[in-house]
Amino acid sequence: MTGRIVDEIGVGIIGASVTIKGTNTGTNTDMAGKFQLSLPATGDVVLLVTSVGYEPKEVPVLFPKTRGLEIGMKASVKSENDVVVVAYGKQKKESVVSAITTITPSSLKVPSSNLTTAFAGRLAGVIAYQRSGEPGLDNASFFIRGITTFSTAGKIDPLILIDGIEMSTNDLARINVDDIASFSIMKDANAAALYGSRGANGVILVTTKEGRIDKLMINVRAEQSSSYNSQLVQLADPVTYMKLQNEAVRTRDPMLPLPYSQSKILGTEQGGDPLQFPSVDWYHYLLNNKATNRRVNLNITGGGQSVQYYLAANYQNDQGILKESKENLFNNNININRFQLRSNVTIKFTPSTTGIVRAYGSFDDGSGPYQGGASVFKSARNANPAMFLPYYPADSANLYTNHILFGSGPELGAYDNPLADVISAYKQSKQSMMMMQLEMEHKFNGELKGLSARGIYNVMRKSYYDQYRAYSPFYYTPATTSDGSYQLVALNPNSGTEYLSYVPGGRVVDAIQYGEARLGYNRTFNKVHDINVTLVGTIRSATGTLNTTDSAYKMGMELQASLPLRNLSTAGRVAYGYDSRYFFEFNFGYNGSERFAPKDRWGFFPSVGAGWMVSNEDFMQNVKDVISTLKLSATYGKVGNDQIGSNYDRFFYLSQVNMNGAGYWFGYNRNYENGITILRYANDLVAWEVAKKTNLRLELGLFHDFSLITDFFQENRTHILQTRADIPTSVGLRAIPQANLGAAQGKGFETELKYQKNFKKDLWLLVNGTFTYATARFTNYDEPDYSDVPWKSHVGTKISQPFGYIAERLFIDDADVKNSPLQNFGVYGAGDIKYKDINNDGKIDANDMVPIGYPTTPEIIYGAGFSVGYKSFDLSLFFQGSGRSSFFISPGDITPFINNGQRGLLQYIADDHWAEDNRNINAFWPRLSTYAVSNNNQTSTWWLRDGSFVRLKSAEAGYTLPLRLTKKYHINTLRFYVNGTNLLLWSKFKMWDPEMAGNGLGYPVQRVVNIGLNVSF
């Protein structure tokens, strides 16, 4: 007989399987969806038709009907929810025994050009935080199950794979969430073992959307955002500044003259002539109240049986919150324009052979302040608010002057003018990334049914360059005239310029090639035995331009840094499932690394896992409506990390000698001869960093609406590279060697909750939450013998936990100082910090430093939120929190009045400091000073703060126009929405956003309010 298999719109389905039920007789459809099949001579039959992505169908055929049969297939509604993306493939969700978190990409949609800002609290098992809000430099730091390594210049963040290709954090941050089809986090050894030497820190797998058999669909999303500083460190007013600077001089040395007279303070306080009594709010001159950002995304998808396509274009414009100078012809504010193009085309060459061509390009044009946006905020806090105006109006001699008359103190160079520094120079940069990828897959039939072969080849180019332009500002100061007339004195009439100079910046080009060959076998026998086998081989080579500003380059290590970075690996997986109840899995990675000596160049990284789907047992069927899912699984395995040194220090088994080192004068003519410097001794014992991981998982589903996934994990990391810390000089080494001596243990648990229910036709609710606790301790650390001062040993302490002094209080008076242990940190007195003598030896020195506070990396990250919809309206809220972390306020960065009396005064210091008339021994700030007091700048509990916080991370309200109103305009969906991020914050710490931790004086994390439109045709 002959016939044709078609989809819901009448397009022929390629490669559909057509068999006679109950027999082995069958065939597959051709490129047009047609088939030809031999039927029995007599009798009726039933045809069984199956195809990937469609629901199976049984079709009775009545004898003698044998020609022109057309069978329609319906698309499967199960699709991606029943399949999980795993290393080098996909598996049925129920058969996965590894710790893998898969998140719906739409839940990562936030009004930001940076995807990583959405991670915290949404991804179970991921510790994430954002330290800066500066456009282009606002990546969140993220780690899978915390940090369990401390290797010298080693990799601590996860491996990132986008469509199977290793990418950087920046590449992940810039990907458009509308282009993402799946987003998975591989957390345990079983999930990451196939990546072997690159999987110790976990793996993030992202796949982009592909075309599908459907009519042409166009989707457009447009957004405009307003961003604000979430929290800005407040500065004291100029009058307070002058009064307290006088106090700082008087309280330290009453014999010194005061910097400000009472008449100047009074004149400023009364709002006198600003030319004589300047009162400057540097924030006002340098910062705007808000910044405006825009994003537009267009994607097109569709295709027929032979070719399917997904095409996308994206434009983003991000601007900083800095003020622009109207007098300049250039823009000194941060301004980043990003263009992205993506094309994923799937071609069906034959019913069993498929090819995918992927093309992607990202192009950034940026400009901004010469030293970056964070430097502008710091400049505003490092300027005197009462010495001079930012710029002066023209006097009679400068009516026709063509440049800005920047203000300065009477002595040129003694004071900084932040406005002049910021608007007189700017940087331009251009960055691009282009990628082409070809994938081919063939699925075998007949006796080899279930076997598939796949190949990938990828080539990628990245480039970056920047350049700087600047002019030299002209500085002026008001003159004191006998008649009181207004005149300006030019301080640098010969060195200022009215033209731009040009300074070329860095030039970087990276070239990366990747190849992959994969064999797979996936088949079910007798309906109960599921076999899944994968064998894969990969090769990767990366070369790049050297950064000649790197200090290591100048030390003669450029040769090894210029060589290609190469990886070669073989990996495999064998998974077996019995009757959808019992699952067993074995994975391995066998990797070669160029970094190590031949005897340690190859590493074998195996893992095993097992799972039990309890809810599929016969004895559970009576409670299936209550306990819809109950699954237990456990895994154990070993993964590695070969990225344990910098690119300038790659080949540990080779010595590094500089033949042009420091030399000597020799001979009668006193000729200078170059000497030889040993930079590294050969060490063929350096090898892989190894992580042995254990994971126990519980998956529970109740009433088909509620789900809970909980993991308990432990990791033992060994062979961590350390620079030797206790080698006596008597050994005679000219360079300190490195060795695999460190070890650490990490452990914790994570939970993911989800409740989803449709109450009736027009009302639905989704509630979800995550909680992650991950901690790690040193179990072995190369250090001196601390048996006399055991509290100084790192062993047993937490990774990234700081060491410092315990501050008891501030000294009450000089008598208190005399009656306390000697503190060996320079001159100090009443009102300065008093430290605890830990070893009771009568002095405070390095032996009194102890572990203090929590680690600087949070141990707890959690999030919870809900989405609710009623008819055409929807609302969602998401709260995110962080716990068990500490950070330091850097006293050296906020000490007022230093640098010739121009460091700004924080309002916190003005409100709460030790003073002669207020000897508060628990005040925030010690006794004021016009210079840095070494005693008070020590790392101690005085400056230690709790980094915990809870914030309303995001909120969104939307309205979708009913289809009856849009259909006549051929619009499938039209949705308007308003959303925002970082909207509210609750924390004990009030000086700045605690998520920024010790970086609080930089560019603040932004509060964003956004309006958007989403339309599809």
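Rules of the game
Residues numbered from 1 in each chain as written. Predicted model: local features only at pLDDT ≥ 70, side-chain atom pairs only at ≥ 80, totals over all residues. Heavy atoms only, no water. Helix = DSSP H or I, 4+ residues; strand = E, 2+ residues; numbered from the N terminus. Rg over C-alpha atoms; globule rule 2.2 N^0.38 Å. Buried < 20%, exposed > 50% of the residue type's maximum accessible area, 1.4 Å probe, protein only. Contact = heavy atoms within 4.5 Å. Areas by Shrake-Rupley, 256 points an atom, 1.4 Å probe, with all protein chains shown as cover. Lys, Arg positive; Asp, Glu negative; His and termini not counted. Charge placed at Lys NZ, Arg CZ, Asp CG, Glu CD. Pairing = 2+ DSSP bridges. Axes fitted to C-alpha atoms, helices over the stretch in contact; angles between N-to-C directions. Arc of directions from axis to C-beta. 1 Å grid on protein atoms, 1.4 Å probe; cavity = no way out; pocket = protein on both sides within 12 Å on 5 of 7 lines; lining within 4 Å. Points joined across faces, edges and corners; volume = space filled by probe spheres on them. Nonpolar A, V, L, I, M, F, W, Y, C, P; charged D, E, K, R; others polar. Salt bridge = Lys/Arg side-chain N within 4 Å of Asp/Glu carboxyl O. Phe/Tyr/Trp six-rings, centres within 6.5 Å; stacked < 30°, edge-to-face > 60°. Lys NZ or Arg CZ within 6 Å of the ring centre and 35° of its normal.

Visitor: Which parts of the structure should I look at to understand the overall build of the chain?
Guide: Along the chain, the regular secondary structure elements total 13 helices and 51 strands. Here the chain has a C-alpha radius of gyration of 34 Å; the compact-globule value for 1017 residues is 31 Å, and the two agree. In terms of principal-axis extent, the alpha carbons of the chain reach across some 125 × 75 × 70 Å. Across the 1017 residues that make up the chain, the buried fraction comes to 50%. Taking as baseline every contact in the chain between residues at least 6 positions apart, the subset at least 24 positions apart corresponds to 69%. On the chain, roughly 46400 Å² of surface is accessible, and the fraction owed to carbon and sulfur atoms is 56%. Across the chain, the 98 positively charged side chains and the 92 negatively charged ones have centroids separated by 7 Å.

Visitor: Got a minute to help me understand the sheet that holds strand 13 (residues 159–162) in this structure?
Guide: Within a sheet, neighbouring strands are paired by backbone hydrogen bonds and run either parallel or antiparallel to one another. One open sheet holds the 5 strands; their spatial order is 10-15-16-13-14, and the pairing between them is mixed. Both edges of this open sheet fall to strand 10 (100–103) and strand 14 (165–167), since each of them pairs with a single strand only. The average angle at which neighbouring strand axes cross in this sheet is 25°, direction not considered. Alignment of strand 15 (residues 180–186) against strand 16 (residues 203–208), held across 6 bridges, turns out to be antiparallel. Bridge pairing links Ser184 to Leu205 in strand 16.

Visitor: Explain the pairing of strand 13 to me, please; I cannot follow it from the model alone.
Guide: The side chains of a regular strand alternate between both faces of the sheet. Alternating positions in strand 13 separate into two faces, Leu159 and Leu161 on one and Ile160 and Ile162 on the other, with burial throughout. With 4 bridges connecting them, strand 13 and strand 16 associate as parallel partners. In the sheet register, Leu161 faces strand 16, and the bridge partner there is Leu205. Two elements, strand 13 and strand 14, share 3 bridges in a ladder whose sense is antiparallel. The residue of strand 14 that forms the bridge with Leu161 is Glu166. Counted along the chain from strand 13 to the antiparallel partner strand 14, the turn is 2 residues long, and its residue Asp163 has a positive phi close to 55°.

Visitor: Teacher, can you tell me more about the sheet that holds strand 25 (residues 474–478) here?
Guide: If you walk across this open sheet you meet the 3 strands as 22-25-26, and the pairing is mixed. The open sheet has two free edges, formed respectively by strand 22 (405–407) and strand 26 (488–490), since each of these has just one partner strand. For this sheet, the mean angle separating the axes of adjacent strands, direction not counted, is 50°. Bridge count between strand 22 and strand 25: 3 bridges; the pairing is parallel. The residue of strand 25 that forms the bridge with Phe406 is Tyr475.

Visitor: Hey, could you run me through helix 4 (residues 262–269) in this one?
Guide: Because an α-helix packs 3.6 residues into every turn, residues spaced three or four apart end up facing the same way. By the burial criterion, the buried members of helix 4 are Lys264, Ile265, Gly267 and Thr268. Projected onto a plane normal to the axis of helix 4, the buried residues spread over an arc of 165° and lie on a single side. Turned more than 90 degrees away from the buried face of helix 4 sit Gln262 and Ser263, all of them exposed. Those residues of helix 4 hidden inside the fold are in contact with helix 3 (238–252). Gly271 sits one or two positions beyond helix 4 and adopts a positive phi of about 75°.

Visitor: In this structure, what is going on with empty space enclosed by the protein? I would like to understand it.
Guide: If you roll a probe as big as a water molecule over the atoms, it shows you where there is empty space left. As enumerated under the stated definition, the model contains 10 cavities of 30 Å³ or more in all. What the largest cavity holds in volume is close to 360 Å³. Lining the largest cavity are 32 residues, with Pro111, Ser112, Ser113, Asp138 and Val1008 sitting closest to its centre. Secondary-structure elements contributing two or more residues to the lining of the largest cavity are strand 17 (214–229), strand 18 (291–303), strand 19 (307–319), strand 20 (335–350), strand 50 (973–986) and strand 51 (1006–1016). Examining the composition of the lining of the largest cavity, we find that 3 residues originate from one element, strand 18, more than from any other. A class-by-class count of the residues in the lining of the largest cavity yields 10 nonpolar, 15 polar and 7 charged.

Visitor: Just checking my understanding: could you explain the pattern of salt bridges for this structure?
Guide: Once their charged atoms are close, side chains differing in charge can pair, the charge on each being opposite to the other. Scanning the entire structure with this criterion turns up 44 salt bridges. Linking Asp365 and Lys430 is a salt bridge whose minimum nitrogen-to-oxygen distance equals 3.3 Å. A residue pair is termed long-range when its members are at least 10 positions apart, and Asp365 in strand 21 (residues 353–369) and Lys430 in strand 23 (residues 425–443) qualify at 65 residues. Note on Lys430: relative accessible area 39%, which makes it partly exposed. Among the salt bridges present, the one from Asp579 reaches Arg581, with a minimum N-O distance of 3.1 Å.

Visitor: Any chance you could explain the side chain of Asp845 here in plain terms?
Guide: Mapped onto the fold, Asp845 is located in the loop between strand 43 (843–844) and strand 44 (850–851). Since its relative accessible area comes to 16%, Asp845 is described here as buried. Beyond its immediate chain neighbours, meaning those up to four positions away, Asp845 contacts Tyr805 and Asn824.

Visitor: Help me understand the environment of Gln245 in this model?
Guide: With respect to the secondary-structure elements, Gln245 resides in helix 3. Exposure remark for Gln245: the relative accessible area of 5% places this residue in the buried category. Each C-alpha atom, one on Gln245 and one on Thr930, is 7.2 Å from the other, the two residues being 685 residues apart in sequence. Beyond its immediate chain neighbours, meaning those up to four positions away, Gln245 contacts Pro259, Tyr260, Phe897, Gly901 and Thr930.

Visitor: Help me understand the pairing of strand 31 (residues 602–613), please; the structure alone is not making it clear to me.
Guide: Alternating positions in strand 31 separate cleanly, Gly603, Phe605, Ser607, Gly609, Gly611 and Met613 being buried on one face and Trp602, Phe604, Pro606, Val608, Ala610 and Trp612 remaining unburied on the opposite face. Here 11 bridges tie strand 30 (residues 582–593) to strand 31, and the two strands are oriented antiparallel to one another. Bridged to Phe583 within strand 31 is Gly611. With 7 bridges connecting them, strand 31 and strand 32 (residues 627–641) associate as antiparallel partners.

Visitor: Would you explain the environment of Gly506 in this entry?
Guide: For Gly506, the position within the fold is in strand 27 (residues 501–525). Relative accessible area serves as the criterion here: at 33%, Gly506 is assigned to the partly exposed category. For Gly506 and Lys527, which are 21 residues apart along the polypeptide, the C-alpha to C-alpha distance reads 61 Å. Not counting the four nearest positions on each side in its chain, Gly506 is found in contact with Tyr464, Tyr465 and Asp466.

Visitor: Is there a simple way to think about the packing of aromatic side chains in this case?
Guide: Each pair of aromatic rings is reported with the distance of its centres and the angle of its planes. Summed over all chains, the structure comprises 42 aromatic pairs. A ring pair is formed by Tyr578 and Tyr582, whose centres lie 6.3 Å apart and whose planes are at 10°; its orientation type is stacked. By relative accessible area, Tyr578 is classed as partly exposed at 30%. Between Phe605 and Trp688, the ring centres sit 5.5 Å apart and the planes meet at 80°, which makes this aromatic pair edge-to-face. With Phe605 in strand 31 and Trp688 in the loop between strand 34 (671–680) and strand 35 (689–702), the pair connects residues that are 83 residues apart, well separated along the chain. Just as Phe605 is buried, Trp688 falls in that class too. Put simply, the rings of Phe712, Phe749, Phe771, Tyr773 and Tyr862 touch in pairs and so form one group of aromatic residues. A cation sits over an aromatic face here: Arg122 above Phe878, 4.2 Å from the ring centre.

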